[in-house]
Amino acid sequence: MRFVLPLLWALTGCGLLGSKGDGSETAAAEELLRAGDLAGAQAEYQKLIEADATSVDAAVGLSFLAYARGDWAEADKLLAAAEAAAGDNLPAVKLRRALVALKAADTDAVRTHAEASGLPAGKLLTAEVLLADGERDEAVKVLEGLAADTTDVGKTAQKYLSLLKDPDASVAGLAENYALWALGQRQVAVSSVEEVVKALPDTREDKPAELLLWAGRAASVGESQVALNLVESVGFPPSGQAWRVEATRAIIQCAEGDGATCLRTLNGLEGTAPEDGLADARATAAIALGDRDPEATKALLEGVETSAAALAAYRAGKTGLAMKLAPEGLLRQFLSER
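Not measured: the values here are computed from a predicted model.

**Quick notes on the overall build of the protein chain**
Counting its regular elements, the protein chain contains 20 helices and zero strands. Principal axes of the C-alpha set define a box for the protein chain whose edges measure 65 × 50 × 30 Å. Side chains of the protein chain give 33 positive and 50 negative charges; the mean places of these two sets differ by 1 Å.

**As for helix α4 (residues 72-82)**
Turn by turn, an α-helix covers 3.6 residues, leaving residues three or four places apart pointing in a common direction. Turning to α4, its buried residues number three or more, namely A75, L78, L79 and A82. The buried residues of α4 occupy an angular sector of 95 degrees when the element is viewed end-on, so they sit on one face. In α4, those exposed residues whose orientation departs by more than 90 degrees from the buried face are A73, K77 and A81. Tucked inside the fold, the buried residues of α4 contact α3 (56-68) and α5 (90-103).

**A few points about the nonpolar core**
With 84 residues, the main nonpolar core has L125, Y160, L174, W214, L266 and L300 as its most contacted residues. Formed by 23 residues, the second largest nonpolar core is a distinct cluster that contains Y45, L62, L78 and A82.

**Section: the packing of aromatic side chains**
The full count for this structure, using the stated rule, is three aromatic pairs. Taking the centre distance of 6.0 Å and the plane angle of 85 degrees together, the rings of W181 and W214 count as edge-to-face. Residue W181 is located in helix α10 (residues 169-182), and its partner W214 is located in helix α12 (residues 207-220); the two are separated by 33 residues in the primary sequence. Like W181, the residue W214 is buried in the burial classification. An aromatic cluster is defined as three or more aromatic residues linked by ring pairs; in this entry it consists of Y178, W181 and W214.

**Concerning the environment of G70**
In this fold, G70 is placed in the loop between α3 and α4. Counting along the chain gives 111 residues from G70 to W181, while the straight-line C-alpha distance between them is 20 Å.

**Describing the pattern of salt bridges**
Within this structure, the stated rule accounts for 14 salt bridges. Between R204 and D206 there is a salt bridge, with the nearest N and O atoms lying 2.9 Å from each other. For R204, a relative accessible area of 22% gives the class partly exposed. Beyond isolated ion pairs, a larger network of salt bridges with shared partners links D76, E83, K94 and R97.

**Observations regarding a negative patch on the surface**
The grouping of D106, D108, D133 and E135 at the surface amounts to a negative patch. Residue position: D106 is located in the loop between α5 and α6 (107-117).

**Notes on the side chain of S170**
The topology assignment puts S170 in helix α10. Among the residues examined, S170 registers a relative accessible area of 16% and is labelled buried.

**Regarding the confidence of the model for the protein chain**
Looking at the protein chain, pLDDT values average 87 and 91% of them are 70 or higher. For residues 1-23, every residue scores under 50 in pLDDT, and the model assigns this stretch 53 contacts once sequence neighbours within four places are set aside.

**Some words on unusual backbone geometry**
Positive phi outside glycine occurs at A105, with the angle close to 60 degrees. The topology assignment puts A105 in the loop between α5 and α6.

**A closer look at the packing of helix α7 (residues 120-132) against α10**
Axis separation between α7 and α10 bottoms out at 8 Å; the angle between their running directions is 120 degrees. Classified by the angle their axes make, α7 and α10 are oblique. Taken as a pair, α7 and α10 cross one another with a handedness that is left-handed. For the pair α7 and α10, the contacting residues are E128, L131 and A132 in the first and A175, E176, A179, L180 and A182 in the second. Taken together, the residues of the contact of α7 with α10 break down into six nonpolar, no polar and two charged.

**Describing helix α8 (residues 136-144)**
Within the span of α8, buried status applies to A139, V140 and L143. Seen from one end, α8 has its buried residues packed into an arc of 105 degrees, which puts them on one side. Exposed residues on α8 whose side chains face more than 90 degrees from its buried face are D137 and K141. On the buried face of α8, the contacting elements are α7 and α9 (152-164).

**Description of the environment of L213**
For L213, the position within the fold is in helix α12. Residue L213 is classed as partly exposed on the basis of its relative accessible area, which comes to 24%. Distance in space between the C-alpha atoms of L213 and V245 is 10.0 Å, their sequence separation being 32 residues.

**Some thoughts on the packing of α7 against α9**
Taken N-terminus to C-terminus, the directions of α7 and α9 make an angle of 25 degrees; their axes are 10 Å apart at the nearest point. On the basis of the axis angle, α7 is roughly parallel to α9. Crossing of α7 against α9: the hand is left-handed. Packed against α7, whose contacting residues are P120, A121, L124, E128 and L131, the element α9 presents V153, T156, Y160 and L164 at the interface. Considering only residue class, the contact of α7 with α9 consists of seven nonpolar, one polar and one charged.

The rules behind these values
- Residues numbered from 1 in each chain as written.
- Predicted model: local features only at pLDDT ≥ 70, side-chain atom pairs only at ≥ 80, totals over all residues.
- Heavy atoms only, no water.
- Helix = DSSP H or I, 4+ residues; strand = E, 2+ residues; numbered from the N terminus.
- Lys, Arg positive; Asp, Glu negative; His and termini not counted.
- Charge placed at Lys NZ, Arg CZ, Asp CG, Glu CD.
- Buried < 20%, exposed > 50% of the residue type's maximum accessible area, 1.4 Å probe, protein only.
- Arc of directions from axis to C-beta.
- Contact = heavy atoms within 4.5 Å.
- Core = buried A, V, L, I, M, F, W, Y, C linked by side-chain atoms within 4.5 Å.
- Phe/Tyr/Trp six-rings, centres within 6.5 Å; stacked < 30°, edge-to-face > 60°.
- Salt bridge = Lys/Arg side-chain N within 4 Å of Asp/Glu carboxyl O.
- Patch = residues over 30% accessible without salt bridge, like charges linked within 9 Å, V, L, I, M, F, W, Y side chains within 5 Å.
- Areas by Shrake-Rupley, 256 points an atom, 1.4 Å probe, with all protein chains shown as cover.
- pLDDT = per-residue confidence, 0-100.
- Axes fitted to C-alpha atoms, helices over the stretch in contact; angles between N-to-C directions.
- Parallel < 35°, antiparallel > 145°, perpendicular 65-115°, else oblique.
- Left-handed = near helix turned anticlockwise from the far one by under 90°.
- Nonpolar A, V, L, I, M, F, W, Y, C, P; charged D, E, K, R; others polar.

This is the structure:
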């Protein structure tokens, strides 16, 4: 199951509140954002807000840039100040405040702002907070109101409901782990998921896939024993997914600090695993390895030109490699300023 909420800031990259393009006051700043020039965009937005302290677009632009550099307090401060003049754009401002609160791990604020937005994405966030708090019945009510939505929000709501309405309690319980993961409470999610996933009925065709998914997630946050237990419970992997078992074992090896064995295992999958799947596994393995074996990290990521690989290299202290792997855009600009 994929969750769309962490991607919502990406939708604000240009025309942060639906501005009209070349004729808008923020057109120059947004053009600089398109080019990945964060410093230039910051200067343009700052000029606008100094000229008009009530400019909502400028405030939202500056908050986006604060969000991009990880300054959650500043991002929220700017958005809070923009509310009074937001008018019809207030729901969008509220949703962005919820996303900032999500990164700041303030779930109470997430729910407050998400509910106040009234937007489908805000309602999904609200449902996830309810699930994480164990309030299933309330979450179901919110999700049922989203199920008809034709966007990714609706599809995600439907997936949650399919778990929550399953007559088997173990299946319903899995929804809470998904919500915890989506809310960034990943250590909590994987610490409690093992028995839940293993208890899924063996008759479910998706059980092996769930075991592999959560094994990879557990390894990526350093819970290598949980990951190993889940992998060993797979039995027969889904058709065409045997490579994922070996890839997950490699991620576990990296999580345990054995970069050399991890690298050999993943290299051995070249030609048999799908290219994009193996690239994702390499990035996840590098994240699990961290900075414990810089040479293995470099070898794992070499040639994997994705955002995930770039972030893995950055976390391992290899900013130069991260720059090489990062696609053009905001991430590359962020890395260039480190």
